[in-house]
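The lines below spell out each chain.
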Amino acid sequence: MNLDKEICDYLTDKYGFRKSWRDPEIVPIQKFWSVQDDWQLLPEDLAEILIDVFTKYGVDYSKFDMLNYYEAERAFWQRKPPKRDLKPLTVEMIIEAVKAKRWFYD
């Protein structure tokens, strides 16, 4: 089986979602998806998914920094940090990291 398809199928089976609560069909995770826009994952959900996938496939993710892709959460009374450009994160980047056995985008 193609590794790209294997990983997308794994993500769909374990972390897929429905278009609406009435729709029984799970939306298949696509390689070209943006994690922030198409998949719309919260940082804590993404962290759980990445640990699972990277552990399953033996990927060194010690250089992965969530703050490159999501803003740090702040309490309502804390001052907001200056706006900064966040990097895009795609399912394809996760697949390429699995192939390389390491995170190399940060």
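Quick notes on the rules
- Residues numbered from 1 in each chain as written.
- Predicted model: local features only at pLDDT ≥ 70, side-chain atom pairs only at ≥ 80, totals over all residues.
- Heavy atoms only, no water.
- Salt bridge = Lys/Arg side-chain N within 4 Å of Asp/Glu carboxyl O.
- Helix = DSSP H or I, 4+ residues; strand = E, 2+ residues; numbered from the N terminus.
- Buried < 20%, exposed > 50% of the residue type's maximum accessible area, 1.4 Å probe, protein only.
- Axes fitted to C-alpha atoms, helices over the stretch in contact; angles between N-to-C directions.
- Parallel < 35°, antiparallel > 145°, perpendicular 65-115°, else oblique.
- Left-handed = near helix turned anticlockwise from the far one by under 90°.
- Contact = heavy atoms within 4.5 Å.
- Nonpolar A, V, L, I, M, F, W, Y, C, P; charged D, E, K, R; others polar.
- pLDDT = per-residue confidence, 0-100.
- Expected span 1.5 Å × (residues − 1).
- Polar contact = N/O pair within 3.5 Å; in protein donor to acceptor, adjacent residues only side chain to side chain.
- Core = buried A, V, L, I, M, F, W, Y, C linked by side-chain atoms within 4.5 Å.

**Focus on the pattern of salt bridges**
Following the criterion strictly, the structure yields six salt bridges and no others. Here aspartate 4 makes a salt bridge to lysine 99, at a shortest N to O gap of 2.8 Å. One end of the pair, aspartate 4, is in helix 1 (residues 3–15); the other, lysine 99, is in helix 3 (residues 91–100), with 95 residues separating them in the sequence. The exposure class assigned to aspartate 4 is buried, which follows from its relative accessible area of 12%. By relative accessible area, lysine 99 is classed as partly exposed at 42%.

**Describing the packing of helix 1 against helix 2 (residues 43–56)**
Following both chains from N to C, one finds helix 1 and helix 2 inclined at 135°, their axes separated by 12 Å at the closest point. On the basis of their axis angle, the class for helix 1 and helix 2 is oblique. Judged by the sense of rotation from one axis to the other, the crossing of helix 1 with helix 2 is right-handed. Facing helix 1, whose interface residues are Tyr10, Leu11, Lys14 and Tyr15, helix 2 presents Glu48, Ile49, Asp52, Val53 and Lys56. Class assignment of the residues belonging to the contact of helix 1 with helix 2 gives a composition of five nonpolar, no polar and four charged.

**Things to note about the confidence of the model for the chain**
Scored by pLDDT, the chain comes out at a mean of 88, with 96% of its residues at no less than 70. Across the chain, helix 3 holds the top mean pLDDT of 96, while strand 1 (residues 17–18) sits lowest at 81.

**Regarding helix 1**
Relative to the 18 Å expected for 13 residues at 1.5 Å per residue, helix 1 spans 17 Å between its end C-alpha atoms, a close match to the ideal helical length. Among all positions in helix 1, only Asp4, Ile7, Cys8, Tyr10, Leu11, Thr12 and Tyr15 are buried. On its buried side, helix 1 packs onto strand 1, strand 2 (26–27), helix 2 and helix 3. Its side-chain oxygen at 2.8 Å from the backbone nitrogen of aspartate 4, asparagine 2 defines the N-terminal cap of helix 1.

**Things to note about the nonpolar core**
Counting 30 residues, the largest nonpolar core has Leu11, Trp39 and Val53 as its most contacted members. Where this core is concerned, the elements lending two or more residues are helix 1, helix 2 and helix 3. Counting residues per element, this core draws most heavily on helix 3, at six residues. Ignoring sequence-local partners within four residues, the contact set of tryptophan 39 consists of Leu11, Tyr15, Phe17, Ile29, Trp33, Ser34, Ile49 and Val91.

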